[in-house]
Amino acid sequence: MSTAPTAPFDLIVVDSLLTDDERLLRDTVADFATRELAPNIAGWYEDGTLPVSDLAPKLGDLGVLGMHLEGYGCAGASATEYGLACMEIEAVDSGLRSLVSVQGSLAMFAIHHWGSEEQKEHYLPGMAAGSTVGCFGLTEPDAGSDPANMRTRATRDGDDWVLTGTKMWITNAPVADVAVVWARTEDGYAGFIVDTDTEGFSAPEITRKLSLRASVTGEIVLDGCRVPDARRLPHVHSLRGPLTCLNEARYGIIFGALGAARDALSTALGYVSTRQVFDSPLSSFQLTQAKLADMAVELDKSYLLALQLGRLKDAGELAPHQISVGKLNSTRVALEITRECRTLLGASGITLEYSPLRHANNLESVLTYEGTAEMHQLTIGQALTGEQAFRNRS
Ligand code: TGC
Ligand code: FAD
């Protein structure tokens, strides 16, 4: 597997638009990914597991957990640097980038942005170091794209809240030390930081996944789970709370998915140069070159788009519909590229010896989570027309 950042198909030298610091950060993460992650990924994927508690402290040492947050042990990196880190990690596997996204952009960001000073000091340093693993529970069995319809309830009882409900498809829930859980209250929605050893909290694992196998996924079952008011995120009472966190994670995916596509293309390029068909290298045929050219053009355009969105985010000017443009484009393009790369590998492409099909399988999840492609089309449609089309009008 190649995670080489300056792959030959960066035809328009997008890398030249990076600063020296950005290149250094990118290369440092790529080096870690090549040494620590890439040699193990096929085994983790085949076993359908990820050693999260071993990996999180290593990712913490690398400085990528909550890396774009300030203070509390976080690296205070730029948004562009964060995107580049996601790209290098997802070049190995989307499940690994998910671990970084969920920890930093969802669980840590929720506490950093909406939490009290005491909550930030209590949780964030351990989460940045990777000694505390977090998860983020928004989706429910009957409320995925439409979280406003959630059934999980938080009822006030003296100084406590009592949480009841079920969350579904929650990355890292079975191995997390702390869960940020969103619930409906009498007057809106609220977020709670729940230590996972609290009575009434359980997180059974979801198994038999065909996608994102190198990632731990679970339910969260809240059965009268009692949480003190001091663990409620005090600064938000509406869906603005979770949706603000989603902006961060979706942004990381814009870069991340392109890492998976880049690795698939790099793998395919290597394969076609050595594979002989009809007495010639596969790379020498026009149909092969047409495929490679189209994929490289799409990848380069998408990288340029990602970088523009990174620059907008660093300038504090990135709007949610622009994040949707990037998330929709990167996931679609990456899925198409990884599938096309698999065709170039023939039968060899269906094994774990090569990355394209593993990436393609993962990208089915990436297309769906953090807002499905359709949710992002509708967000862009709303920005263009001023009309919301998420809900049927009665
Ligand atoms: P709507 O009525 O429009 O808004 C409700 C409140 O939220 C505010 N808001 C936003 N705030 C920040 N960023 C955004 N992008 C926001 N969009 C809306 C809005 O201003 C309002 O605030 P307030 O205080 O005035 O009440 O919301 P809606 O119910 O119509 O829903 C809109 C919709 C469909 C776009 C939203 O529900 C949505 O994005 N649905 C998709 C759900 C989703 O993406 N779930 C992801 C779960 S987490 C996950 O998948 C992790 S995967 C693991 C990994 O990342 O690796
Ligand atoms: P649904 O909402 O039921 O959608 C089904 C189909 O209907 C989709 O094609 C959708 O686009 C379409 N659809 C829905 N509404 C409309 C509409 N108005 N118009 C047209 N089409 C529509 N969630 C978390 O909270 N935390 C996590 O850590 C997390 N991790 C995940 C990890 C994995 C591996 C996966 C697969 C999911 C994860 N999720 C997580 C859940 C993910 O965010 C949801 O799966 C996603 O939001 C879609 O919800 P759903 O699966 O219920 O699909």
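Rules of the game
- Residues numbered from 1 in each chain as written.
- Chains lettered and ligands numbered in written order.
- Predicted model: local features only at pLDDT ≥ 70, side-chain atom pairs only at ≥ 80, totals over all residues.
- Heavy atoms only, no water.
- Buried < 20%, exposed > 50% of the residue type's maximum accessible area, 1.4 Å probe, protein only.
- Helix = DSSP H or I, 4+ residues; strand = E, 2+ residues; numbered from the N terminus.
- Pairing = 2+ DSSP bridges.
- Near = heavy atom within 4 Å.
- Polar contact = N/O pair within 3.5 Å; in protein donor to acceptor, adjacent residues only side chain to side chain.
- Areas by Shrake-Rupley, 256 points an atom, 1.4 Å probe, with all protein chains shown as cover.
- Domains from an automatic or database assignment.
- Contact = heavy atoms within 4.5 Å.
- Buried area = accessible area lost by both parts, 1.4 Å probe.
- Salt bridge = Lys/Arg side-chain N within 4 Å of Asp/Glu carboxyl O.
- Nonpolar A, V, L, I, M, F, W, Y, C, P; charged D, E, K, R; others polar.
- Core = buried A, V, L, I, M, F, W, Y, C linked by side-chain atoms within 4.5 Å.

What follows is about the pairing of strand β3 (residues 160-171). Each regular strand displays side chains that alternate between the two surfaces of the sheet. Among the 12 residues of β3, 9 are classified as buried, and the element is accordingly described as predominantly covered. Sheet topology places strand β2 (residues 153-157) next to β3; 5 bridges connect them, and they run antiparallel. The partner of Asp 157 across the bridge, within β3, is Asp 160.

Let's shift gears to the site of ligand 1. Neighbouring ligand 1 are 25 residues, the closest being Ser 98, Ser 238, Arg 250, Glu 370 and Gly 371. Within the contact set of ligand 1, an oxygen atom lies 3.2 Å away from a side-chain nitrogen or oxygen of Arg 240. Here an oxygen atom of ligand 1 and a side-chain polar atom of Glu 370 are 2.8 Å apart. Considered on its own, ligand 1 offers 1,100 Å² of accessible surface; in the complex 74% of this is hidden by protein.

A separate point is the domain arrangement of the protein. Looking at the protein, the domain boundaries give domain 1 (8-129), domain 2 (134-238) and domain 3 (241-385). Relative placement of domain 1 and domain 3: their C-alpha centres are 19 Å apart. Taken together, the contact between domain 1 and domain 3 spans 39 residues of the former and 39 residues of the latter. Three residues, Phe 9, Tyr 45 and Met 87, lead the burial of domain 1 against domain 3; their summed loss comes to 22% of the area buried on that side. In this assembly, domain 1 and domain 3 are joined by 3 salt bridges. When the shortest N-O distance is used, the salt bridge between Asp 93 and Arg 358 registers 2.7 Å. The tally of links between domain 1 and domain 3 comes to 19 residue pairs in polar contact (both at pLDDT 80 or more). Elements supplying a minimum of two residues to the side of domain 1 that touches domain 3: α1 (20-37), α2 (41-47), α4 (79-90) and α5 (94-114). When grouped by side-chain class, the residues that make up the side of domain 1 that touches domain 3 number 21 nonpolar, 9 polar and 9 charged.

So, on to the nonpolar core. Core analysis: the biggest nonpolar cluster contains 121 residues, and Leu 50, Leu 96, Phe 136, Leu 163, Trp 182, Phe 192 and Ile 220 have the highest contact counts within it. Among the elements that make up this core, the one with the highest residue count is helix α7 (residues 240-274) (16 residues). Those residues in contact with Phe 136, other than ones at most four positions away along the chain, are Val 102, Leu 106, Ala 107, Ala 110, Ile 170, Val 180, Trp 182, Pro 242, Cys 245 and Leu 246.

With that settled, the discussion passes to the pairing of strand β7 (residues 217-228). One ladder, built from 10 bridges, connects β3 with β7; its direction is antiparallel. In the strand pairing of β7, Thr 166 is matched with Val 221.

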